[in-house]
Structure formats: structure tokens, C-alpha cells
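Per-entry structural report
Spelled out, the chains give:
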Amino acid sequence: MARKKIALVGAGQIGGTMALVAAQKNLGDVVLIDIPMTQGMPKGKALDIMEGRSVINSSVDLQGSTDYAALKGADVVIVTAGFPRMPGMSRDDLLEKNCGVIKTVAEAIKEHAPDAFVIVITNPLDAMVYNMQKQSGLPANKVIGMAGVLDSARLACFVADELGVSVEDVKALVLGGHGDTMVSIYESVSVGGIPLPQLMTKEKFAELAKRTAGAGGEIVNLLGRGSAFYSPATSAIHMAEAYLLDKKNVFSCAAKLNGEYGVKGLYCGVPVVVGANGVEKIIEVKLTADEKAAFDKSVEACQKNADWVDAHT
Ligand SMILES: NC(=O)C1=CN([C@@H]2O[C@H](COP(=O)(O)OP(=O)(O)OC[C@H]3O[C@@H](n4cnc5c(N)ncnc54)[C@H](O)[C@@H]3O)[C@@H](O)[C@H]2O)C=CC1
Ligand SMILES: O=C([O-])CC(=O)C(=O)O
């Protein structure tokens, strides 16, 4: 059986890290694609990882390119092309700049890899994945956005730290848009199979949920330049693996809603099942009245940005 091909459009901080993680997992051959301005950069990153493969027991092939034609034959395309935010900026401040970048990349995917499963990471996430699906015309089950896996992992990390338990045993769920309005679900968190409400008060949980909503900004401020990249990269590769290995994993991601949660035609963070057919199911979680109100507010924020995309494309 031929090896799978993973194309990474954007070979910056997240792109380079994803290439390494995909190689470590022997997930498939990797091509790193960046803009011509970057000249040897994507090739240099690919070669750097290639030269270390004997140490990580990997036999995949890695290439770098500044030509979108290198997308040809890709099973999965993961898009980080665009700009990250700097301290003092919100993700929404990237809307205008990244909208044009995603349009260019969407057209290239449509031309060279129309059968691929596409995972968008570029911010503002929910609007950029909406833009990608709109511009590429690919089916909605084959275009998703990475955010919920990361936001849920961050919440799990904070819960584990607070309880003094292994994060491996904590499962968490964060829904809604990838911004200040994201919604952490108290009753969906479990610790070694034990529902969180048996272990932590709602008030303490609210503090951790608040930190989760601001976690991207916390890292932006610490780094001083650019944004988180290690955990975004591992989160996206987890999603790619679910598709490539038909794992039927359940996680939260930005998916196009078609009436679920009372929303139609909009991308927003919800739990999905991902396997060989892409998004195979959207799961509707029972929410409390407060959670539903918070989710609706988050949907409004996603709608506002999607409206901006519609008005400018
Ligand atoms: N969804 C999420 O949870 C997260 C999203 N992000 C977002 O991911 C994006 C990438 O972040 P980083 O990798 O840290 O940024 P980065 O600046 O290190 O890399 C972005 C790369 O995209 C390239 N690029 C720009 N225009 C392009 C085009 N038309 N075609 C191909 N490549 C192009 C740039 O040359 C650069 O190398 C940012 O928008 C950031 O806000 C970051 C973390 C988490
Ligand atoms: O905060 C940012 O700009 C990057 C991002 O989306 C995250 O780390 O969650």
C-alpha cells in the first residue's frame, strides 16, 4: 500500500513542528509548502528532519516546496499559512490579513488536492475554516478547523494540575468559537472515569475555564513574538491521524453545522466523530441553560466574523 501524503501549507512554527511529529509517528510522507518569499526555508526544514530520521526510527520522506503544485496527491492538507498575533492583538485582528491568504490556499487546494481532508489552523480559526470551505468548494465533511482539541487539552492540563493527578487520566470538552467566548463544559470533564463535579466545585472550575479561554493570549504574552505552536501542532496531527487511520476519534473541532445546536451553515466548535469519511457525525451534547446561553453567544461571535468574510470575498 502506498504511503499516505500529508501536505503542510505554512512551514512556520506550527508547520515545522507538525512535520517533525508526523515523521516521529511515521504517519506518511510530508511536504512543507510556504510562499516563494521564504526561498529555501521549507526545503531546509524538511532536510533537517530527514537527516535525523535514523534517530527517531522514521522512514517517511520529507520535501519542501514554494509551489502549490506540491499539494498534488495529498491525503491530508493542514493549513497554517498566514500571520500569528503579537502581544496586544486579538485573534480577530488577523481577520483581514489572513482572509486573503486562505483564499489563495483554498484555490490551490481546489486545483491540486480536491479529494484531501483539510484541517485549518490559521486564525481567527472559525472564520478561516468557513472561508476555506467556501472558497475551495470542498464538501463540509472534508474541511474542519483545529481548536477544540487544543482548548480541551489546555483545560485538561489545568484540571490535572489543580487536582494533583495525571493529565493522562483527564478528559475535557470545550465548545464554541476559538476565542474569548469558548465554553468549557463542567459535567463533560472526567478524571479516571469519575465525573468532575464529584471532585471540584463549579466555582473552581469557572476559574480554570477562564484561564482556558485566555490560554492562547497567556502564551502570546510570554513568547513576546508569535503564538503557541507545540500543542497546536500535536493537536492537529492527532486530528490527521484520526482520518488517515480511520480511528473514529471523538473530539471537539470547528465543523460546519447543518441544524445541529440550532445553527445552520456556520463553522463552530462542537464534538465530532472523525474517520476515513472525514467528519462522520456531529454529536449534540446536552447543555445546561447557562452553557447553552454561553454557546449561543459564542455562535454570535463566529457569525459576526463569517459575515465579515462573506462581505469581503
Ligand atoms: N487554531 C488554533 O488553535 C491556533 C491557531 N494559530 C494560528 O496559526 C497560524 C500560524 O501560526 P504559526 O505557525 O505560529 O505562524 P508562523 O508565522 O510561524 O508561520 C506561518 C507561515 O505561513 C506562511 N505563509 C504566509 N502566507 C502564505 C501563503 N499564501 N502560502 C503558504 N504559506 C504562507 C508564512 O511565510 C509563515 O512561514 C496563525 O494564524 C496563528 O494565529 C496558532 C496557534 C493555535
Ligand atoms: O492565541 C493565539 O493567537 C494562538 C491560538 O489560537 C492559541 O494558542 O490558542
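- Taking an unreviewed UniProt entry as the reference, the protein chain is identified by name as Malate dehydrogenase belonging to Hallerella succinigenes.
- Per its UniProt entry, the protein chain bears the Catalytic activity (unreviewed entry) comment "(S)-malate + NAD(+) = oxaloacetate + NADH + H(+)".
- Turning to the protein chain, the UniProt annotation filed under Function (unreviewed entry) states: "Catalyzes the reversible oxidation of malate to oxaloacetate."

1. Points about the site of ligand 1
- Inspection of the region around ligand 1 gives 28 residues, with Gln 13, Asp 34, Tyr 68, Phe 83 and Met 146 positioned closest.
- Taking Asp 34, its side chain carries an N or O atom lying 2.6 Å from an oxygen atom of ligand 1.
- Here ligand 1 loses 89% of its free accessible area of 870 Å² to cover by the protein chains.
- If you list the elements that add at least two residues to the shell around ligand 1, you get helix 1 (13-24) and helix 3 (95-112).
- Split by residue class, the shell around ligand 1 holds 16 nonpolar, 11 polar and one charged.
- Split by domain, the residues of the shell around ligand 1 number at least three in each of domain 1 (5-145) and domain 2 (148-311).

2. Topic: the pattern of salt bridges
- One pass over the structure, following the stated rule, counts 11 salt bridges.
- Here Asp 310 makes a salt bridge to Lys 134, at a shortest N to O gap of 2.8 Å. You can see Asp 310 sitting in helix 9 (residues 289-312) and its partner Lys 134 sitting in helix 4 (residues 125-136), a full 176 residues away along the chain.
- A residue is classified by how much of its surface remains accessible, and Asp 310, at 32% relative accessible area, is partly exposed.
- The partly exposed category is assigned to Lys 134, whose relative accessible area is 38%.
- Glu 162 is paired through a salt bridge with Lys 204; the nearest N and O atoms lie 3.9 Å apart. One end of the pair, Glu 162, is in helix 5 (residues 148-163); the other, Lys 204, is in helix 6 (residues 202-213), and 42 residues separate them in sequence.
- Overall, the relative accessible area of 40% leaves Glu 162 in the partly exposed class.

3. What to know about the confidence of the model for the protein chain
- Averaged over all residues, the pLDDT of the protein chain equals 97, while 100% of them reach at least 70.
- Across the whole predicted complex the pTM is 0.98, and at the interface the ipTM reaches 0.99.

4. Re the nonpolar core
- Val 77, Ile 78, Val 79 and Met 132 are the most contacted members of the largest nonpolar core, which has 88 residues in total.
- A total of eight residues in this core trace back to one element, the largest contributor, which is helix 8 (residues 230-244).
- Once residues lying within four places of it in the same chain are set aside, the contact partners of Val 79 are Val 9, Ile 102, Val 105, Ile 109, Val 118, Ile 119, Val 120, Ile 121, Thr 122 and Met 132.
- Counting residues in each nonpolar core, the second largest holds 18 residues, with Val 159, Met 200, Ala 213 and Ala 215 among its members.

Conventions and cut-offs
Residues numbered from 1 in each chain as written. Chains lettered and ligands numbered in written order. Predicted model: local features only at pLDDT ≥ 70, side-chain atom pairs only at ≥ 80, totals over all residues. Heavy atoms only, no water. UniProt positions renumbered as here; feature names shortened; annotations may be inferred. Near = heavy atom within 4 Å. Polar contact = N/O pair within 3.5 Å; in protein donor to acceptor, adjacent residues only side chain to side chain. Areas by Shrake-Rupley, 256 points an atom, 1.4 Å probe, with all protein chains shown as cover. Helix = DSSP H or I, 4+ residues; strand = E, 2+ residues; numbered from the N terminus. Nonpolar A, V, L, I, M, F, W, Y, C, P; charged D, E, K, R; others polar. Domains from an automatic or database assignment. Salt bridge = Lys/Arg side-chain N within 4 Å of Asp/Glu carboxyl O. Buried < 20%, exposed > 50% of the residue type's maximum accessible area, 1.4 Å probe, protein only. pLDDT = per-residue confidence, 0-100. Core = buried A, V, L, I, M, F, W, Y, C linked by side-chain atoms within 4.5 Å. Contact = heavy atoms within 4.5 Å.

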